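Structural overview
One-letter residues, chain by chain:
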Amino acid sequence: MKNFNYHQSTKILFGRSRIHELADVVLQYGKKALLVTTPAANPALAEQYSRVKKILADKGIAVVHFDGVIPNPTVATISAGALMARKFEAEVVIGLGGGSSMDAAKAISVEATHPGTSWDYLFYKTPQPDPAKLLPVIAVSTTSGTGSQVTQVAVVTNPEVRDKSALYNNILYPQVCIIDPDLMLTVPKFVTATTGFDVLCHAFESTINPGTGAYVDLLAWEAISIVSANLPAVLSTLNDIDAREKMAWADTLAGLCIANAGVTLPHGMGMAVGGMYPHVAHGEALAILYPAFAEFTWEAAVPQFARLAKILNPHLIGYSDQDAARRSPGEIVRFLQLIGLNKKLKDVGMPGNEIEALAQQCMVLPDYKGNPRVATYEEMVELVRLSY
Ligand code: NAD
């Protein structure tokens, strides 16, 4: 058996109505909390935020609400939240929302306690944040999802240089996370589809990453099976709580996978798309890139692509791995059609004259090097062209 490492320091509270335990969790760390969210863009989110604030207030916790997070949070977003945390002398940071809010909470914990901005603490820079200084982070996920509630990653976008990168350090795991599927009933259809597909991508890429191992493998295939069976069900009935709960579990499993094995080519490319075109949702970028990635990679990872194809289409179970893997790009496209995400880069407004520039950007993060087949620059241009 291949040697492997597995690390996870976030305490997980999973299940319906667990949000009511938030105040008791916060009180383990302090009585002054910065609540980090996106704006209350609709009545459902406004209701969710006031419910959470009441849960905290009822136990005597003072709360300042930073509701300025935008999807794909920027350096400026983090700075505004960090300023609020410092002025309020927050003792705890609560990230309530999807990956954007939870990542913002982690990055705010860094910037509020260190000189400079969050961009100064990206994974490849020194010095890294001092664990003794960080504010504790509680993550409450409301999408399924990015897995951010159980990862050591905080993704930040820098519009000035059209780059999206990450803080990545084991000291950034949230202290505690709450995964309450009741909070996910209001997620709109498009966000449900994009975040749900992100779960499948996390799980699948962790199975082909050289960092994979027996533990990750176990979690990843379970997550993929759950997404295949439940994402279309959630999309047809958005308030199907059983299917929402299963997606929340798959999201958590897949988060544990990326925290331990990492992602590969599509995520590196997806980050580049998000950096250059921040209006494109993270999961939407992945959906656009996956068919070309699968076509490019399947021959270098036949067992995994065959298993994926057989989960997405059980009629392939009797096929040889080679035959099933060859069909995997087509099965991915069929699944994307089913969840309404079968699109191209031109559909999301990417200018045709930026194909080479995007390909270059796709090679900035090291993720593509962990792919079973490593793309040359020319192949990367072709991957972008095929996705265009
Ligand atoms: P998001 O957090 O950007 O949320 C998308 C939209 O959904 C927002 O407008 C938000 O207000 C809304 N929303 C969220 N929950 C809702 C609810 N319950 N009801 C109604 N509306 C709701 O989306 P996301 O895909 O979860 O996060 C994307 C970000 O996470 C990107 O920046 C991505 O790069 C990052 N990411 C981080 C990790 C990690 O490990 N840290 C992993 C993958 C992606």
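This text gives an overview of the structure that appears in the document. (Residues numbered from 1 in each chain as written. Predicted model: local features only at pLDDT ≥ 70, side-chain atom pairs only at ≥ 80, totals over all residues. Heavy atoms only, no water.)

1. Re the overall build of the protein chain
Where we set the bar: Helix and strand labels come from DSSP, where a helix needs a run of H or I of at least four residues and a strand needs a run of E of at least two; each type is numbered from the N terminus. The size measure is the radius of gyration over C-alpha atoms, and the globule rule it meets is 2.2 Å times the number of residues to the 0.38 power. Only protein chains enter the accessibility calculation, which uses a 1.4 Å probe; a residue whose area is less than 20% of its type maximum is buried, one above 50% is exposed, and one in between is partly exposed. All accessibility values rest on the Shrake-Rupley procedure with a 1.4 Å probe; residue burial counts only the protein chains present in the view.
Assigned secondary structure in the protein chain consists of 13 helices and eight strands. Relative to a compact globule of 388 residues, whose C-alpha radius of gyration would be 21 Å, the protein chain shows 20 Å and is just as compact. Across its three principal axes, the protein chain shows a C-alpha extent of roughly 60 × 45 × 40 Å. In the protein chain, which comprises 388 residues, the share counted as buried stands at 60%. Approximately 14800 Å² of the protein chain is accessible, and the part contributed by carbon and sulfur atoms is 55%.

2. Things to note about helix H9 (residues 282-297)
Using the following cut-off: Multiply 1.5 Å by the residue count of a helix minus one, and that product is the helix's expected span. To obtain the bend at a residue, axes are fitted to the seven residues ending there and to the seven starting there, and the angle between these axes is taken.
The terminal C-alpha atoms of H9, which comprises 16 residues, lie 21 Å apart, in line with the 22 Å expected from a rise of 1.5 Å per residue. The largest bend along H9 reaches roughly 40° and is located at Leu289, with the proline Pro291 sitting one to four residues downstream. Taken across its 16 residues, H9 has 15 buried, putting it largely inside the fold.

3. A look at the packing of helix H3 (residues 75-88) against helix H4 (residues 99-111)
What counts here: Angles shown run from 0 to 180 degrees and are taken between the N-to-C directions of axes, each axis being a line fitted to C-alpha atoms and, for helices, limited to the stretch in contact. When describing relative orientation, an angle under 35 degrees is termed roughly parallel and one over 145 degrees roughly antiparallel, while 65 to 115 degrees is termed roughly perpendicular and anything else oblique. It is the rotation of the near helix from the far one that decides the hand of a crossing: anticlockwise by less than a right angle makes it left-handed, clockwise makes it right-handed. Residues count as neighbours in contact if any of their non-hydrogen atoms are within 4.5 Å of one another. Gly is placed with the polar residues, together with every amino acid not listed as nonpolar (Ala, Val, Leu, Ile, Met, Phe, Trp, Tyr, Cys and Pro) or charged (Asp, Glu, Lys and Arg).
Relative to each other, H3 and H4 sit at 60°, their axes nearing to 8 Å. Here H3 is positioned oblique relative to H4, judged by the angle of their axes. Seen from above, H3 lies across H4 with right-handed handedness. Here Ile78, Ser79, Gly81, Ala82, Ala85 and Arg86 of H3 come into contact with H4, specifically with Ala104, Ala107, Ile108 and Glu111. Residues of the contact of H3 with H4, tallied by class, amount to six nonpolar, two polar and two charged.

4. Some points on the pairing of strand S5 (residues 137-141)
So the rule is basically this: Note on pairing: DSSP must find at least two bridges between two strands before they are called paired.
Most of S5 is tucked away: five of the five residues are buried. Residues Val137, Ala139 and Ser141 line one face of S5 and the alternating positions Ile138 and Val140 line the opposite face, and both faces are buried. Relative to S5, strand S4 (residues 92-97) runs parallel, the two sharing five bridges. Following the sheet pairing, Gly97 is matched in S5 by Ser141. Here S5 runs beside strand S8 (residues 176-179); their pairing, made up of four bridges, is parallel.

5. Describing the environment of Leu45
With respect to the helices and strands, Leu45 occurs in helix H2 (residues 43-57). Sequence spacing of Leu45 and Ala112 is 67 residues, and the spatial spacing of their C-alpha atoms is 26 Å. Discounting residues that sit within four places of it in the chain, Leu45 has contacts with Thr38, Pro39 and Ala40.

6. Regarding the site of the ligand
Operational definition: Working definition: residue near molecule or strand if any one of its non-hydrogen atoms lies within 4 Å of it. Within 3.5 Å is the distance limit for a polar contact, defined as a pair of N or O atoms, with the added protein rule that one can donate a hydrogen and the other accept it, and that residues adjacent in sequence qualify only through two side-chain atoms.
Around the ligand sit 28 residues in total, of which Thr38, Ser100, Asp103, Thr142 and Thr186 are the nearest. At 2.9 Å from an oxygen atom of the ligand is found a side-chain nitrogen or oxygen belonging to Thr143. The contact in question runs from a nitrogen atom of the ligand to an N or O atom on the backbone of Val153, over 3.0 Å. Across the complex, the protein chains shield 90% of the 870 Å² of accessible surface that the ligand would expose by itself. Listed by contribution, the elements that provide at least two residues to the shell around the ligand are H2, H4, strand S6 (153-158) and helix H5 (189-208). Top element by residues in the shell around the ligand is H5. It accounts for four residues.

7. Some points on the nonpolar core
Note the threshold: Nine residue types can take part in a nonpolar core, namely buried Ala, Val, Leu, Ile, Met, Phe, Trp, Tyr and Cys, and a core is a set of them joined through side-chain atoms within 4.5 Å.
In this structure, Phe197, Phe204, Leu358, Met380 and Val384 are the most contacted members of the largest nonpolar core, which totals 82 residues. If you tally residues by element for this core, the top one is helix H6 (residues 214-236), at 11 residues. Setting aside anything within four residues of it in sequence, one finds Phe197 in contact with Leu231, Gly283, Leu286, Ala287, Tyr290, Phe335, Leu336, Ile339 and Leu341. Ala82, Phe88, Ala104 and Val137 belong to the second-largest nonpolar core, a separate cluster that totals 27 residues.

8. What to know about the packing of aromatic side chains
How we decide: Any Phe, Tyr or Trp ring, taking Trp's six-membered ring, that has another such ring centre within 6.5 Å forms a pair; planes under 30 degrees apart are called stacked, those over 60 apart edge-to-face, and the others tilted.
Following the criterion strictly, the structure yields eight aromatic pairs and no others. With 6.2 Å between their ring centres and 75° between their planes, Phe204 and Trp221 make a pair best called edge-to-face. Here the residue Phe204 occupies a position in helix H5, and Trp221 occupies one in helix H6, the gap between them amounting to 17 residues. For Phe204, a relative accessible area of 0% corresponds to the buried category.

9. Topic: unusual backbone geometry
With an omega of -5°, the peptide bond between Thr126 and Pro127 qualifies as cis. With respect to the helices, strands and loops of the structure, Pro127 is situated in the loop between H4 and S5. Here Ser17, not a glycine, exhibits a phi torsion of approximately 70°, which is positive. Its location among the elements puts Ser17 in the loop between strand S1 (11-14) and helix H1 (22-27). Residue classification places Ser17 among the partly exposed residues on the basis of a relative accessible area of 39%.

10. Here's the deal with the side chain of Thr157
In this fold, Thr157 is placed in strand S6. Those residues in contact with Thr157 that sit more than four places away from it in its chain are Asn72, Pro73, Thr74, Val75, Trp119, Asp163, Lys164 and Gly274.

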